[in-house]
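Each chain is listed here by its residues.
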Amino acid sequence: MIVSFFTVKAATTPAVATAVPQPAQATPMPQAGVVAHCPPGAPPGGTYTTESYIGMSTLITILILAIIFWPALFGPLCCPCDQRQVYIVNGQKFDTAGRMILPGACGCNC
């Protein structure tokens, strides 16, 4: 006597093709020191770099430290929490919108 261990079932629903998600293509970003297109209004020939500055996150950190532990209040001023991409040409700094970043104590355009 021969016993079969395999059973065959008829498909009750037709096979449906499903789309397989493809990985998204990464958009190339200008890297530090790489010459790319210059911001509008800025002279050509500069490079992009990332710099730390005193922005909104740093100011919120200072406010929280002033309330909780005031002796550590000046720490964020020495090590700012915010970063931005700047375009530097001939010693002048421009943001990505083409506005010149003036040298100052806080590094903002206020």
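Located above this text is the structure these notes cover.
Every residue gets a number counted from 1 within its own chain, in the order that chain's sequence is written. Local features in this predicted model are restricted to residues of pLDDT 70 or higher, and side-chain atom pairs are both shown and tallied only at a pLDDT of 80 or more, whereas totals for entire chains, interfaces and linings draw on every residue. Working from all heavy atoms in the structure, the side-chain values ignore hydrogens and water.

A.B. asks: Looking at this structure, I do not really get the overall build of the protein chain. What am I missing?
C.D. replies: Across its full length, the protein chain carries two helices and four strands. Strands here mean DSSP runs of E at least two residues long; helices mean DSSP runs of H or I at least four residues long; both are numbered from the N terminus. Secondary structure elements of the protein chain, listed N to C terminal, follow the sequence β-α-α-β-β-β. Expressed as a percentage of its 110 residues, the buried residues of the protein chain come to 18%. Expressed as a percentage of contacts within the protein chain between residues at least 6 apart in sequence, the contacts between residues at least 24 apart total 54%. Here the protein chain has roughly 8900 Å² of accessible surface; of this, 67% comes from carbon and sulfur atoms. The buried label goes to any residue with under 20% of its type's maximum accessible area, the exposed label to any with over 50%, and the partly exposed label to all in between, with areas taken from a 1.4 Å probe on protein chains only. Residue contacts are counted whenever heavy atoms from the two residues lie within 4.5 Å of one another. All accessible areas in this document rest on Shrake-Rupley with a 1.4 Å probe, and a residue is counted as covered only by the protein chains that are shown.

A.B. asks: Honestly, the nonpolar core in this entry has me stumped. Any pointers?
C.D. replies: Across soluble globular proteins, nonpolar side chains have a tendency to be buried as a group. Ala 42, Tyr 48, Tyr 87, Val 89 and Phe 94 together form the largest nonpolar core, which totals five residues. Among all residues touching Tyr 87, those that are not within four sequence positions of it are Cys 38, Pro 39, Ala 42, Pro 43, Pro 44, Gly 45, Gly 46, Thr 47, Tyr 48, Gln 92, Lys 93 and Phe 94. By nonpolar core we mean a set of buried residues, namely Ala, Val, Leu, Ile, Met, Phe, Trp, Tyr and Cys, connected to one another through side-chain atoms within 4.5 Å.

A.B. asks: It is not clear to me how the packing of aromatic side chains should be interpreted in this structure. Could you clarify?
C.D. replies: Geometry of an aromatic ring pair is reported as the spacing of the ring centres plus the angle between the planes. The pairing test for Phe, Tyr and Trp rings, Trp by its six-membered ring, is centres within 6.5 Å, and the orientation test on the planes gives stacked under 30 degrees, edge-to-face over 60, and tilted for anything in between. A complete count under the given rule lists one aromatic pair for this structure. When the NZ atom of lysine or the CZ atom of arginine is within 6 Å of a ring's centre and also within 35 degrees of its normal, the charge is said to sit over that ring. In this structure, Arg 84 is placed above the aromatic ring of Tyr 53, and the distance from its NZ or CZ to the ring centre is 4.2 Å.

A.B. asks: Sorry if this is basic, but what is going on with the side chain of Glu 51 here?
C.D. replies: With respect to the element layout, Glu 51 can be found in strand β1 (residues 47-53). Within 3.5 Å is the distance limit for a polar contact, defined as a pair of N or O atoms, with the added protein rule that one can donate a hydrogen and the other accept it, and that residues adjacent in sequence qualify only through two side-chain atoms. A distance of 2.9 Å separates a polar atom in the side chain of Glu 51 from a polar atom in the side chain of Arg 84. A distance of 2.8 Å separates a polar atom in the side chain of Glu 51 from a polar atom in the side chain of Lys 93. Glu 51 has contacts with Asp 82, Gln 83, Arg 84, Val 86, Lys 93 and Ile 101, leaving out every residue within four places of it along the chain.

A.B. asks: Help me out: how do you make sense of the pairing of strand β2 (residues 82-89) in this one?
C.D. replies: Regular strands have side chains that alternate between both faces of the sheet. When DSSP locates at least two bridges between a pair of strands, those strands are taken to pair. Where β1 meets β2, seven bridges bridge the pair, whose relative direction is antiparallel. Paired with Tyr 48 across the two strands is Tyr 87, which belongs to β2. Relative to strand β3 (residues 92-94), β2 runs antiparallel, the two sharing three bridges. Its bridge partner being in β3, Tyr 87 is matched across the sheet by Phe 94. Here β2 hands over to β3 after two residues, with Asn 90 in that stretch at a positive phi of 55°.

A.B. asks: I would appreciate a short explanation of a nonpolar patch on the surface in the present structure.
C.D. replies: Exposure above 30% relative accessible area and the lack of any salt bridge qualify a residue for a patch; like charges then connect within 9 Å, and the nonpolar side chains Val, Leu, Ile, Met, Phe, Trp and Tyr within 5 Å. Salt bridges are identified by distance alone: a Lys or Arg side-chain nitrogen within 4 Å of an Asp or Glu carboxyl oxygen. Residues Met 56, Leu 59, Ile 60, Leu 63, Ile 64, Ile 67, Ile 68 and Phe 69 make up a contiguous nonpolar surface patch of about 880 Å² in total accessible area. In this fold, Ile 68 is placed in helix α1 (residues 56-68). Residue Ile 68 is classed as exposed on the basis of its relative accessible area of 65%.

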